[in-house]
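Here is what each chain is made of, one letter per residue.
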Amino acid sequence: SSSTPTVVIYQFNRTSATLTRINAILLNDARSVSWSADGRYIAVGANPLLGASLFIYEFDRGSGALNQIVALNVNPPAPFTNTVFSVSWSPDGQY
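What counts as what
- One numbering rule holds for all chains: residues counted from 1, following each sequence as written.
- Reporting of local features is limited, given that this is a predicted model, to residues whose pLDDT is at least 70; pairs of side-chain atoms are given and counted only at 80 or more, and all residues count toward the totals for whole chains, interfaces and linings.
- With hydrogens and water stripped out, all remaining heavy atoms of the structure feed into the side-chain values.
- In DSSP terms, a helix is any run of H or I states spanning at least four residues, a strand is any run of E spanning at least two, and both are numbered starting from the N terminus.
- Relative accessibility decides the category of a residue: with a 1.4 Å probe and only protein chains considered, values under 20% of the type maximum give buried, values over 50% give exposed, and everything between is partly exposed.
- Residue contacts are counted whenever heavy atoms from the two residues lie within 4.5 Å of one another.
- Note that accessible areas follow from Shrake-Rupley with a 1.4 Å probe, and for residues the cover is restricted to the protein chains shown.
- Counting rule applied: Lys, Arg positive; Asp, Glu negative; His and chain ends not counted.
- By convention, the point assigned to a charge is CZ for Arg, NZ for Lys, CD for Glu and CG for Asp.
- Put simply, a nonpolar core is a bunch of buried Ala, Val, Leu, Ile, Met, Phe, Trp, Tyr and Cys residues held in one set by side-chain atoms that sit within 4.5 Å of each other.
- Exposure above 30% relative accessible area and the absence of a salt bridge qualify a residue for a patch, where like charges join within 9 Å and nonpolar side chains (Val, Leu, Ile, Met, Phe, Trp, Tyr) within 5 Å.
- The term salt bridge refers to a pairing of a side-chain nitrogen on Lys or Arg with a carboxyl oxygen on Asp or Glu at a separation within 4 Å.

### A few points about the overall build of the protein chain
Here comes step 1: Along the backbone of the protein chain there are 0 helices and 6 strands.
Here comes step 2: For the protein chain, the succession of helices and strands along the chain, N to C, is β-β-β-β-β-β.
Here comes step 3: The C-alpha extent of the protein chain, read off along each of the three principal axes, is 50 × 35 × 20 Å.
Here comes step 4: Burial analysis of the protein chain (95 residues in total) assigns 28% to the buried set.
Here comes step 5: If you take every contact in the protein chain between residues at least 6 apart in sequence, the share linking residues at least 24 apart comes to 32%.
Here comes step 6: When the accessible surface of the protein chain is summed, it comes to about 6,300 Å², and 51% of that surface belongs to carbon and sulfur atoms.
Here comes step 7: Averaged over its 5 positive side-chain charges, the protein chain has a centre that lies 8 Å from the centre of its 5 negative ones.

Written out as structure tokens, the structure is:
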């Protein structure tokens, strides 16, 4: 297993034009990332090398902490793959 993060979160400082690494998600082969409209959640679609292919994390802006709240293995019918290539939230941010 790799220890290299595949999803890294940075904070941009407009005044100094600098990026600061806030946190990282260690996943093998992340394919898609989407922030919820309110910025509280991150959805990550992945190749299920570790048993799950869809992850939802709650992001605490104050501390920069990430809390995994969902890890699902998507099981579509054959001949489709269970790799999640794209994730997005509903326009109202509810789903």
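### Examining the nonpolar core
Here comes step 1: Counting 11 residues, the largest nonpolar core consists of Val7, Ile9, Ile25, Leu27, Ile42, Val44, Ala46, Ala52, Phe55, Tyr57 and Phe59.
Here comes step 2: Contributing elements (two or more residues each) for this core: strand E1 (7-13), strand E4 (41-46) and strand E5 (54-59).
Here comes step 3: Ignoring any residue separated from it by four or fewer positions in sequence, one finds phenylalanine 55 in contact with Leu27, Ile42, Ala43, Val44, Ala46, Gln68, Val70 and Ala71.

### Here's the deal with the environment of phenylalanine 85
Here comes step 1: Along the chain, phenylalanine 85 falls in the segment after strand E6 (66-72).
Here comes step 2: On the basis of relative accessible area, phenylalanine 85 is assigned to the exposed category, the value being 52%.
Here comes step 3: When the C-alpha positions of phenylalanine 85 and proline 48 are compared, they lie 11 Å apart, and in sequence the two are 37 residues distant.

### Side note on the environment of alanine 52
Here comes step 1: In this fold, alanine 52 is placed in the loop between E4 and E5.
Here comes step 2: Each C-alpha atom of the pair alanine 52 and alanine 71 lies 5.8 Å from the other, and the pair is 19 residues apart in sequence.
Here comes step 3: Contacts of alanine 52, omitting those with residues within four sequence positions, involve Asn47, Ala71, Leu72 and Asn73.

### Quick word on a nonpolar patch on the surface
Here comes step 1: A cluster of nonpolar side chains, namely Tyr10, Phe12 and Leu19, defines an oily patch on the protein surface of about 360 Å² accessible area.
Here comes step 2: Relative to the elements of secondary structure, tyrosine 10 occurs in strand E1.
Here comes step 3: A residue is classified by how much of its surface remains accessible, and tyrosine 10, at 46% relative accessible area, is partly exposed.

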